Amino acid sequence: MIEARGLTKHFGNFTAVHELSFRLEEGDTLMLIGPSGCGKTTTLKMINRLIAPSAGAVFVDGRNILEQPVEAMRRRMGYVIQDIGLFPHYTVAENIGVVPRLLKWKPARIQERVGVLLEQLGLPPAEYAHKYPHQLSGGQQQRVGIARALAAEPPIVLMDEPFGALDPLTRQQARRDFREIEELRSKTVIMVTHDIEEAFEMGSFIGLLDKGEMQQLGRPQELLLQPANDFVRAFLAEKAAQLELQAVTLADVFPELSIGERPDGIFLEIPSETPLLQALYQLARQGAATVVGLTAHHGQDRWFQLDALFELFRKTLRRWNN
């Protein structure tokens, strides 16, 4: 779907990005993380042609983006930035419909699309469609910015610190809302963040940069359990235990959790791809040590008790804290 080959950017004698390469398929989410000034945002801007690369190229569906009309190329990439950039004199509906209007969609189609996105993001159209940005909270404005990026159904979505300006509670809710948008599962997403936990929570792949160079690109578990070098190890060390609980799923640890016959107890349906930390929260909210989880793995139901999950949680903490 999208591929970067040797992306490089020089600003005078300073190299902001050096020979960055990756390939993403439909449905992949790449989180770019690293220290301030490591080249994350510069990379995102080169992908969108807001900055011209000094060397290298970006390909979408096998076509070099430099060989495409810039307006047409950008309309295939939704873009969300930290300060949102909503038009203050446009209503919520008008802000979301900007790109579809440029593409000459029919008004009825635009109205339907705006309504669908507002519903998905927890902003009922009857209440919010005719409001102006100054009448919204920061979290609500961020949701409108995301809806605008998705409005024209782009196959690629670029996001630069989209939740960075929000308070912690609003930020968590905004991330949950984002993950629950069904259509995002068929899109390729590249997101810049400084938040390690956010990267592990939302990314199918993580690219850790330092001084413009990719230190490691891989799945969250790979960076955590198989760090490529000392920089990667040190960057993740402080929150390693929590990150493992976010990166490892129930499917990964079934041998340590599963029990044979279905026992008596209260059952929840928990998908096998659920991270351990999320599964623990879901089960603990039931408020009883006898709670038993139900999940499907390779077409079979498996059973595990809350106590077993707690023990795995404790083992993880002990391993990283020793």
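Just above, that's the structure.
Residues numbered from 1 in each chain as written. Predicted model: local features only at pLDDT ≥ 70, side-chain atom pairs only at ≥ 80, totals over all residues. Heavy atoms only, no water.

Caption draft 1: Local environment of empty space enclosed by the protein. Taken as a whole, this structure holds two cavities of 30 Å³ or more when the rule is applied. Together, Val60, Gln68, Met73, Arg76, Met77, Pro155 and Ile156 line the largest cavity. For the second largest cavity, the calculated volume is near 30 Å³. Considering the residues around the second largest cavity, the lining is formed by Leu7, Met46, Pro53, Ala57, Val58, Ile65 and Leu66. (1 Å grid on protein atoms, 1.4 Å probe; cavity = no way out; pocket = protein on both sides within 12 Å on 5 of 7 lines; lining within 4 Å. Points joined across faces, edges and corners; volume = space filled by probe spheres on them.)

Caption draft 2: How the structure looks around the packing of aromatic side chains. Going through the model one piece at a time under the given rule, you end up with two aromatic pairs. Each ring, one from phenylalanine 87 and one from tyrosine 90, has its centre 5.2 Å from the other, and the planes form 55°; the classification is tilted. Assessed through its relative accessible area of 28%, tyrosine 90 is described here as partly exposed. Between arginine 5 and the ring centre of phenylalanine 59, over which it is positioned, the NZ or CZ distance is 3.9 Å. (Phe/Tyr/Trp six-rings, centres within 6.5 Å; stacked < 30°, edge-to-face > 60°. Buried < 20%, exposed > 50% of the residue type's maximum accessible area, 1.4 Å probe, protein only. Lys NZ or Arg CZ within 6 Å of the ring centre and 35° of its normal.)

Caption draft 3: Representation of the nonpolar core. Counting residues in each nonpolar core, the largest one holds 47 residues, and the members touching the most others are Ile96, Ile146, Met159, Phe163, Phe178, Phe200 and Leu236. If one sorts the elements of this core by residue count, helix H7 (residues 138–150) sits on top with five residues. Beyond its immediate chain neighbours, meaning those up to four positions away, leucine 236 contacts Ile196, Phe200, Leu223, Leu224 and Leu243. Counting 27 residues, the second-largest nonpolar core is a separate cluster that includes Ile2, Leu20, Met46 and Ile190. (Core = buried A, V, L, I, M, F, W, Y, C linked by side-chain atoms within 4.5 Å. Helix = DSSP H or I, 4+ residues; strand = E, 2+ residues; numbered from the N terminus. Contact = heavy atoms within 4.5 Å.)

Caption draft 4: Structural detail: the pattern of salt bridges. For the coordinates displayed, the defined rule picks out ten salt bridges. For the salt bridge of arginine 23 with glutamate 3, the shortest nitrogen-to-oxygen distance reads 3.3 Å. In this pair, arginine 23 is assigned in strand S2 (residues 14–24) and glutamate 3 in strand S1 (residues 2–11), connecting sequence segments 20 residues apart. Given a relative accessible area of 51%, arginine 23 falls into the exposed group. Arginine 233 serves as the salt-bridge partner of aspartate 230, at 2.7 Å between the closest nitrogen and oxygen. Here the residue aspartate 230 and the residue arginine 233 both occupy positions in helix H11 (residues 230–237), the gap between them amounting to three residues, near one helical turn. Its relative accessible area of 59% is what places aspartate 230 among the exposed residues. (Salt bridge = Lys/Arg side-chain N within 4 Å of Asp/Glu carboxyl O.)

That's the geometry; what it means functionally is another story.
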